[in-house]
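Chain by chain, the residues:
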Amino acid sequence: MSGERDPSVEGGAGFHTPVGSRRTFFRWVTTGLAGLIGLGLAVPLTGYVISPALKRREPQWVDVGALDELPEGEPKQLDHVTTSRDGYLESRFQKAVWAVKRPDGQVSVFAPMCTHLGCGYHWAGGEKQFKCPCHGSVFDLEGQVVAGPAPRPLDPLPAKVENGRLLVIFKEFKSGIAQRVEL
Ligand code: FES
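Asker: What should I look at first to understand the sheet that holds strand β8 (residues 129-131) in this one?
Answerer: Spatial strand order, β7-β8-β9-β10: four strands in an open sheet with antiparallel pairing. Where the open sheet ends on each side, the last strands, each with one partner, are β7 (122-124) and β10 (145-147). Taken together, the three bridges between β7 and β8 define a ladder with antiparallel strand orientation. Counted as the bridge partner of His122 is Lys131 from β8.

Asker: Help me understand the confidence of the model for the chain in this model?
Answerer: Regions with low pLDDT carry predicted coordinates that are not meant to be interpreted in detail. In this model, the chain carries a mean pLDDT of 83, and residues with pLDDT of at least 70 account for 79%. Ignoring residues within four places in sequence, the model shows residues 8-14, a span with pLDDT below 50, making 12 contacts including any to other chains.

Asker: Help me understand a nonpolar patch on the surface, please; the structure alone is not making it clear to me.
Answerer: There is a patch of nonpolar side chains on the surface, built from Phe25, Phe26, Val29, Leu33 and Leu36 and spanning about 510 Å² of accessible area. Considering the arrangement of structural elements, one finds Val29 in helix α1 (residues 21-54).

Asker: What should I look at first to understand the nonpolar core in this one?
Answerer: As a rule of thumb, nonpolar side chains are buried together in soluble globular proteins. Grouped together as the largest cluster of nonpolar side chains are 14 residues, with contacts concentrated most on Val97, Val109 and Leu166. Those elements giving two or more residues to this core turn out to be β5 (89-101), β6 (107-110) and β12 (165-169). Phe110, Phe139, Ala150 and Leu154 belong to the second largest nonpolar core, which has 11 residues in total.

Asker: Hey, could you run me through the sheet that holds β12 in this one?
Answerer: Overall, antiparallel pairing links the three strands, which are arranged β3-β12-β11 in an open sheet. Strands with a single pairing partner mark the edges of an open sheet, and in this sheet they are β3 (61-66) and β11 (159-162). Direction aside, neighbouring strands of the sheet carry axes that sit 30° apart on average.

Asker: How should I be thinking about the packing of aromatic side chains in this particular structure?
Answerer: Two numbers describe a pair of aromatic rings. These are the distance of the centres and the angle of the planes. Enumeration over the complete set of coordinates arrives at six aromatic pairs. Here the aromatic residues Trp98, Phe110, Tyr121, Trp123, Phe130 and Phe139 are joined through ring pairs into a cluster of three or more. One residue, Lys160, lies across the ring of Trp61, its end atom 4.3 Å from the ring centre.

Rules used in this analysis
- Residues numbered from 1 in each chain as written.
- Predicted model: local features only at pLDDT ≥ 70, side-chain atom pairs only at ≥ 80, totals over all residues.
- Heavy atoms only, no water.
- Pairing = 2+ DSSP bridges.
- Helix = DSSP H or I, 4+ residues; strand = E, 2+ residues; numbered from the N terminus.
- pLDDT = per-residue confidence, 0-100.
- Contact = heavy atoms within 4.5 Å.
- Patch = residues over 30% accessible without salt bridge, like charges linked within 9 Å, V, L, I, M, F, W, Y side chains within 5 Å.
- Areas by Shrake-Rupley, 256 points an atom, 1.4 Å probe, with all protein chains shown as cover.
- Salt bridge = Lys/Arg side-chain N within 4 Å of Asp/Glu carboxyl O.
- Core = buried A, V, L, I, M, F, W, Y, C linked by side-chain atoms within 4.5 Å.
- Buried < 20%, exposed > 50% of the residue type's maximum accessible area, 1.4 Å probe, protein only.
- Axes fitted to C-alpha atoms, helices over the stretch in contact; angles between N-to-C directions.
- Phe/Tyr/Trp six-rings, centres within 6.5 Å; stacked < 30°, edge-to-face > 60°.
- Lys NZ or Arg CZ within 6 Å of the ring centre and 35° of its normal.

Laid out in structure tokens, this is it:
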């Protein structure tokens, strides 16, 4: 009929805007803005959440005891508890190092694992040698290989003395190879 309004036409006579096109446009704009706001929030939040997990473990100086308590020229095993933080995980480990105080006051510190296959070694005081019970590697006071299958000397660790205390950074190295490769 000539007097009926076309349902696809919005507004009064003469305005032929397709129904929903404005609504669709605003929906797109709203969705786009919401997406941008969401992205703006998500990027820093994601960085905040995952960045600790991506951080590499920081090496830490650990107090392993008083310098005065180290006998001169006689290696001593020093035990300590160290805390390591890896991302959100905080772990506590019981660690040990071997420390040797020289007559001049300098201190050498060795990682406690044999460089052959990682067994713990001990100090044989009578023979003045470090001995590994697993396959018979033997090291001198300087950590040099004297006998056995060990492919390299004992692994030295960073050490320093502050206020009469011996501080070390505990590190672990790959065993069984001639090169010193930190784990
Ligand atoms: S692990 Fe020490 S000699 Fe093999």
